[in-house]
Amino acid sequence: MNAPAPDHRCEGPGPDRRSFLRALGVIGAGLALSPQALAQAEAEGDPYGVLVDTTLCVGCRTCTRVCAEGHGLPVPPDQCRETTSPTQLTVVDGRQLDDPKVELGVVFVKRQCLHCLQPACASACLTRAMHKTESGPVTWDKGKCMGCRYCMVCCPFDVPKFEYDSPTPQIRKCDLCVDRLQRGEPPRCVANCEAGALTFGRRSELLREAHKRLATNPDGYHQHIFGEHEAGGTSWLYLAAVPFDRLGFPKDLEQQSYPSLTKEFLYGVPVVLTLVPPLLLGISKAVHHNQANGGDHVGH
Amino acid sequence: MSATDKLSPTPVQKELARVLAFLKHELRPRGKLLTPFNLVTGGIVLATAVILCFRFACGIGAVTNLDQQYPWGLWIGFDVVTGVAFAGGAYVLVFMVHVLGMERYRPIVRVTVLNGFLAYVFYAGALVLDLGRPWNVINPIIGNSFGVSSVLFLVAWHFMLYMFAQLIEFSPAIAEWLGLDRVRRLLERLTLGAVILGISLSLLHQSGLGALYLMAKGKIQPLWYSEFIPIQFLVTSVFAGLAMVIFEGTISARVFHHRASAAFHFAQERIVIGLSRICAGAMFVYLFLQALVFVHGRDWLAMTPGWGAWYLLENVGFVAVPCVLFALAWRHRSTLLSRIAAIGAMLGVILNRLNVSVIAFQPNAAVRYVPTWMEVVVTLGVISAEIWVFRWIVNRMPVLREDTVPATVTVAAPTPAQPSPRRKEA
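So, how was this worked out
- Residues numbered from 1 in each chain as written.
- Chains lettered and ligands numbered in written order.
- Predicted model: local features only at pLDDT ≥ 70, side-chain atom pairs only at ≥ 80, totals over all residues.
- Helix = DSSP H or I, 4+ residues; strand = E, 2+ residues; numbered from the N terminus.
- Buried ≥ 20, exposed ≤ 12 C-beta atoms within 10 Å, placed from the backbone.
- Contact = placed C-beta atoms within 7 Å.
- Rg over C-alpha atoms; globule rule 2.2 N^0.38 Å.
- Expected span 1.5 Å × (residues − 1).
- Nonpolar A, V, L, I, M, F, W, Y, C, P; charged D, E, K, R; others polar.
- Pairing = 2+ DSSP bridges.
- pLDDT = per-residue confidence, 0-100.
- Arc of directions from axis to C-beta.
- Axes fitted to C-alpha atoms, helices over the stretch in contact; angles between N-to-C directions.
- Parallel < 35°, antiparallel > 145°, perpendicular 65-115°, else oblique.
- Left-handed = near helix turned anticlockwise from the far one by under 90°.

It is worth spelling out the overall build of chain A at this point. Along chain A, the regular secondary structure elements total ten helices and nine strands. Counting only residues that meet the buried cut, chain A has 43% of its 300 residues in that class. Within chain A, contacts between residues separated by at least 24 positions form 61% of all contacts whose residues are at least 6 apart in sequence.

Our next topic: the overall build of chain B. From N to C terminus, chain B includes 17 helices and zero strands. The C-alpha atoms of chain B give a radius of gyration of 23 Å, which matches the 22 Å a tight globule of 426 residues would have. Oriented by its inertia axes, the alpha-carbon framework of chain B measures out at about 80 × 60 × 45 Å. Within the span of chain B, comprising 426 residues, buried residues form 46% of the whole.

The next point concerns helix H15 (residues 373-394) of chain B. For the α-helix, the turn length of 3.6 residues means that residues three or four positions removed from each other point alike. The terminal C-alpha atoms of H15 of chain B lie 31 Å apart, and with 22 residues this matches the ideal 32 Å at 1.5 Å per residue to within 8%. By the burial criterion, the buried members of H15 of chain B are Glu-375, Val-377, Val-378, Thr-379, Gly-381, Val-382, Ile-383, Ser-384, Phe-390 and Val-394 of chain B.

Turning our eyes to something else, we now look at the interface of chain A and chain B. Taken together, the contacts link 53 residues of chain A with 50 residues of chain B. Listed by contribution, the elements that provide at least two residues to the side of chain A that touches chain B are helix H5 (120-124), helix H6 (150-154), strand S6 (161-162) and helix H10 (263-299) of chain A. Of the residues forming the side of chain A that touches chain B, the biggest block, 19 residues, is contributed by H10 of chain A. Residues that form the side of chain A that touches chain B fall into these classes: 34 nonpolar, eleven polar and eight charged.

With that settled, the discussion passes to the pairing of strand S1 (residues 48-53) of chain A. Residue and element names in this part refer to chain A. Along S1, six of the six residues are buried, which leaves the element largely enclosed by surrounding structure. Side-chain alternation along S1 places Tyr-48, Val-50 and Val-52 on one buried face and Gly-49, Leu-51 and Asp-53 on a second face that is also buried. As paired strands, S1 and strand S9 (residues 236-239) are joined by four bridges and run parallel to one another. Across the sheet, Val-50 pairs through a bridge with Trp-236, a residue of S9.

Our focus in this paragraph is the confidence of the model for chain A. All names here are of chain A. Residues with a pLDDT of 70 or more make up 83% of chain A, whose mean pLDDT is 84. This model gives residues 1-43 a pLDDT under 50, and the stretch forms 52 contacts once residues within four places in sequence are excluded. Every residue in residues 296-300 is under pLDDT 50, and counting partners more than four places away or in other chains gives two contacts.

What follows is about the environment of Ala-241 of chain A. Residues and elements named next belong to chain A. Here Ala-241 shows up in the loop between S9 and H10. When the C-alpha atoms of Ala-241 and Gln-223 are compared, they prove to be 8.3 Å apart, with 18 residues separating the residues in sequence. Contacts of Ala-241, omitting those with residues within four sequence positions, involve Thr-55, Lys-101, Val-102, Gly-220, Tyr-221 and His-222.

Take unusual backbone geometry next. Residue and element names in this part refer to chain A. Despite not being glycine, Arg-128 has its phi angle at roughly 55 degrees, a positive value. Among the secondary structure elements, Arg-128 is positioned in the loop between H5 and strand S4 (130-132). You will see that Ala-231, though not glycine, has its phi angle at about 55 degrees, which is positive. Its location among the elements puts Ala-231 in the loop between helix H9 (203-216) and S9.

Right, let's talk about the environment of Tyr-311 of chain B for a bit. Its location among the elements puts Tyr-311 of chain B in helix H13 (residues 305-332). Between the alpha carbons of Tyr-311 of chain B and Gly-61 of chain B there is a distance of 31 Å; along the sequence they are 250 residues apart.

With that settled, the discussion passes to helix H4 (residues 62-70) of chain A. Residue and element names in this part refer to chain A. When we look at burial in H4, the residues that qualify are Cys-63, Thr-64 and Cys-67. Across the axial projection of H4, the buried residues extend over an arc of 100 degrees, all falling on one side. Along its buried surface, H4 packs onto strand S2 (91-96), strand S3 (106-111) and helix H8 (188-191). Directly after H4, the chain includes Gly-72, whose backbone phi takes a positive value near 65 degrees.

In this section: the confidence of the model for chain B. All names here are of chain B. This prediction gives chain B a mean pLDDT of 87; 92% of its residues lie at or above 70. This model gives residues 1-5 a pLDDT under 50, and the stretch forms one contact once residues within four places in sequence are excluded. Of the regions scoring below 50 in pLDDT, residues 404-426 engages in 23 contacts with residues more than four places distant in sequence or in other chains. At the level of chain-chain contacts, confidence expressed as ipTM amounts to 0.86, with global pTM at 0.86.

Attention shifts here to the sheet that holds S1 of chain A. All names here are of chain A. Spatial ordering of the open sheet is given by S8-S1-S9, a layout of three strands whose pairing is mixed. For this open sheet the edge positions go to strand S8 (198-202) and S9, each flanked by a neighbour on one side alone. Strand-to-strand twist of the sheet, defined as the mean angle between neighbouring strand axes without regard to direction, takes the value 20 degrees. Relative to S8, S1 runs antiparallel, the two sharing five bridges. If you follow Gly-49 over to S8, its bridge partner there is Gly-201. Its contacts with the sheet put H9 on S1, S8 and S9, and the angle it makes with S8 is roughly 135 degrees.

Right, let's get into the packing of helix H11 (residues 229-255) of chain B against helix H12 (residues 262-296) of chain B. Residue and element names in this part refer to chain B. Contact geometry of H11 with H12 gives a least axis separation of 9 Å together with a crossing angle of 160 degrees. By the angle class used here, H11 and H12 are roughly antiparallel. Of the two possible hands of crossing, H11 and H12 adopt the one that is left-handed. Facing Ile-231, Gln-232, Val-235, Thr-236, Val-238, Phe-239, Leu-242, Ala-243, Val-245, Ile-246, Gly-249 and Ala-253 of H11, the residues of H12 in contact are His-265, Gln-268, Val-272, Leu-275, Ile-278, Cys-279, Ala-282, Met-283, Val-285, Tyr-286 and Leu-289.

Packed helices, taken two at a time, are described by their axes: the angle between them and the distance between them. All names here are of chain B. With their axes 10 Å apart at the nearest point, H12 and helix H14 (residues 335-359) run at an angle of 45 degrees to one another. With respect to H14, the element H12 is oriented oblique. Where H12 crosses over H14, the two elements pack in a sense that is left-handed. Residues Glu-269, Val-272, Ile-273, Ser-276, Cys-279 and Met-283 of H12 lie in contact with H14, whose contacting residues are Thr-335, Ser-338, Ala-341 and Ala-345. By residue class, the composition of the contact of H12 with H14 is six nonpolar, three polar and one charged.

Take a look at the structure:
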């Protein structure tokens, strides 16, 4: 059992600290949220997000139906799916697990875009068709997209889906029901979740709530909030009874944001563009000056 | 008002009429049309046109095996990511000749720049075929939506600017062909500026092609991923480009024998040997870099039997071996060995670029991507069309020779090629 603490994620987890955290949780759930995470959430403007508690999901797949309806997509097949598709922006993945912590022997995991705080897709997009809005959703603009699919190459979760069979293809993915968000309503999936597995709110509130659940029911949960730090933090957060790699979440995810992987390279660009041309010009002048002189000697 | 003009045309109008008549004459095909090469490539280009009709009518999925996990396949991985490396010879060679003053390589500058330019034109063209919404391709150009945080934005802009720089570098040959002497002299004055801009842009977009994959961390088999991908791509472009120059020069010297100047033929051997030496050096640097990256990234942990063997095949069989062959070719002045080494090095670069972009990409995917025959045909069609245009230009313009020797050469006299012929004649 691996129980990384919400703060100090680089250090190995120790039983002492774990019990300390539990104690903290009992004292007050709010305290369990590290000041670091709070500062980060505030720096990012505290976007909207959704907390998915997979221990509460019963796999009814109402969310997939209302999502399709709301986005004008065909009625989804009444079965579990591992990944989203151009016609299914959200799916429910049923994972059969032989684990005493999993009561039914199956864990249902709703999958959709995680709306990263610093999305790889948006920083990859050369037309800014993929765009991180201030309120949280990562949206796609069909008037700007040229269909290069670089967002798909970069997304660590393989979320953006491309309509390969259309002459006028679009990139399809969850938009967090941005239309409803603007009216102050929660996304369709959350509004229609009867099991209470989905909670909508500001990310800092959701993190506080998640830590509270981990603290009040330490044995019911794997002590980790997926999305708190993964890929630099995501707007969708997950709780589960078992480690997340057993639920099909990608392993070896970066804890830093993916756009930061290209930062050094992009910083180098102006350096090269300003320093290399004068250097080359200098070399060229020096060489030709030399050759002209040397040429005279040979000539005479 | 224009009555007097019509009666006595101005010199500019006369010149224009002459150029138009000349162009009309030059546009006609020359030589036999029904050669085996023309028949084969003609068939491929025709098939490509048919496939592309399907692609634009029914979507990219109708002709390719691309899927949600493999958004980029052969058209990007080979045409663009590999092709641009092979076009790298142009910036390396103009650096050697125009900046470092290595005059002995001047006879092949024009043909190399032309090759580079056409490679960019056709591979950028191939890129448009791969775009899902090509009608929006102007968006990052006209400035209504600049994605400046994107490496792809940088690469796209540098592609365009570099094509422009290469066109300026090559333009004196066009002016010579059209007999526009004053225009040629004007354009020649722009060469050094274009060369310097072109080299700077090349440094950035050759490495930028590698930087495209920085965010794909976790999706590429660790043996082919490191934070040094941009530098690896830059170094490979040096010897990929020069190996291509050796390979292409060998073919050009035979096919276009009648179009080349005596100086070109004479210089060919010395050039090939000289380039071999540079290739050996660049490949040695690359091997050293690979070793550092391997140790630094603790890559032995990723050496599974299959991937490890594949990695060793690439880096020993197609980098280390060609590197040694290049060194031997230089040592023994053997152009044959150079050519063998060049082919080996080129295969190594193809392997490396395809590994990063396609073969070692998403190694755990349930369905691995394998290109359809149609993707292969379109790739061959793009190459065929490029060869046609290349041939058309070489058969007409002074590419393998310079009709008028530029003043700069005669002034900056001590071309290393000059003393030796005298010695031979004596």
